[in-house]
Amino acid sequence: LFVTFLAEYGRVFEPMRNAISVFNQAEESDFVFAGAKYRRLFLGDPLAIIDPFDPTNNIGRTCYGIGQIQREFDAALTKIQERSETCTLQQVHHPQQERAYSNSSFWG
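Parameters at a glance
Residues numbered from 1 in each chain as written. Predicted model: local features only at pLDDT ≥ 70, side-chain atom pairs only at ≥ 80, totals over all residues. Heavy atoms only, no water. Helix = DSSP H or I, 4+ residues; strand = E, 2+ residues; numbered from the N terminus. Buried < 20%, exposed > 50% of the residue type's maximum accessible area, 1.4 Å probe, protein only. Contact = heavy atoms within 4.5 Å. Areas by Shrake-Rupley, 256 points an atom, 1.4 Å probe, with all protein chains shown as cover. Pairing = 2+ DSSP bridges. Patch = residues over 30% accessible without salt bridge, like charges linked within 9 Å, V, L, I, M, F, W, Y side chains within 5 Å. Salt bridge = Lys/Arg side-chain N within 4 Å of Asp/Glu carboxyl O. Phe/Tyr/Trp six-rings, centres within 6.5 Å; stacked < 30°, edge-to-face > 60°.

If you tally the helices and strands in the chain, you get four helices and two strands. When the elements of the chain are put in sequence order from the N terminus, they spell out α-α-β-β-α-α. Counting all 108 residues of the chain, 26% fall into the buried class. Put simply, of all contacts in the chain between residues at least 6 apart along the chain, 40% involve residues at least 24 apart. Total accessible area on the chain stands at roughly 8,000 Å², and carbon and sulfur atoms take up 57% of it.

So, in structure tokens, the structure goes:
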């Protein structure tokens, strides 16, 4: 779930074209792009986060650092992916360690 969040908001989400909304599934179908229909109301704002209690209120209107936030999300995702690849390679090259890890108890 966290990796999906980083990918969606660090790489896919376009703050000048889309808005963030937490409306329920009955009203909107896609959590990232759910507020896109409201984005036109906030064209001058760097980020649109739709207030769930008042859809005419943009609670992200003063977030001028969204580009930097997205770069950090992207960098975090890249590090997770690199570590995931490294762990996978280590398991392939050292299957006896994988067996040792699976037989040990996490809590001691």
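A separate point is the environment of Asp45. Mapping Asp45 onto the fold places it in the loop between helix 2 (36-39) and strand 1 (50-51). A sequence separation of 13 residues divides Asp45 from Asn58, and the C-alpha atoms of the two residues are 8.5 Å apart. Those residues in contact with Asp45 that lie beyond four places of it in its chain are Met16, Arg39, Asn58 and Arg61.

Inspection of the sheet shows strand 1 paired to strand 2 (residues 54-58) by two bridges, in the antiparallel sense. Note that in strand 2 the partner of Asp51 across the bridge is Asp54. What sits between the antiparallel neighbours strand 1 and strand 2 is a turn of two residues.

Before going further, it helps to spend a moment on a nonpolar patch on the surface. Side chains of Phe2, Val3, Phe5 and Ile80 sit close together on the surface and give an oily, nonpolar patch of about 350 Å² of accessible area. Examining the composition of the nonpolar patch, we find that three residues originate from one element, helix 1 (residues 2-12), more than from any other. With respect to the helices, strands and loops of the structure, Phe5 is situated in helix 1. Residue classification places Phe5 among the partly exposed residues on the basis of a relative accessible area of 35%.

Below, the discussion takes up the packing of aromatic side chains. Evaluated as defined, the whole model comprises three aromatic pairs. Ring centres of Tyr9 and Phe13 lie 5.5 Å apart, and the angle between their planes is 50°; this geometry places the pair in the tilted category. Among the residues examined, Phe13 registers a relative accessible area of 4% and is labelled buried. Pairwise contacts between aromatic rings join Phe5, Tyr9, Phe13 and Phe73 into one cluster.

Worth remembering: the numbers are spatial, not functional.
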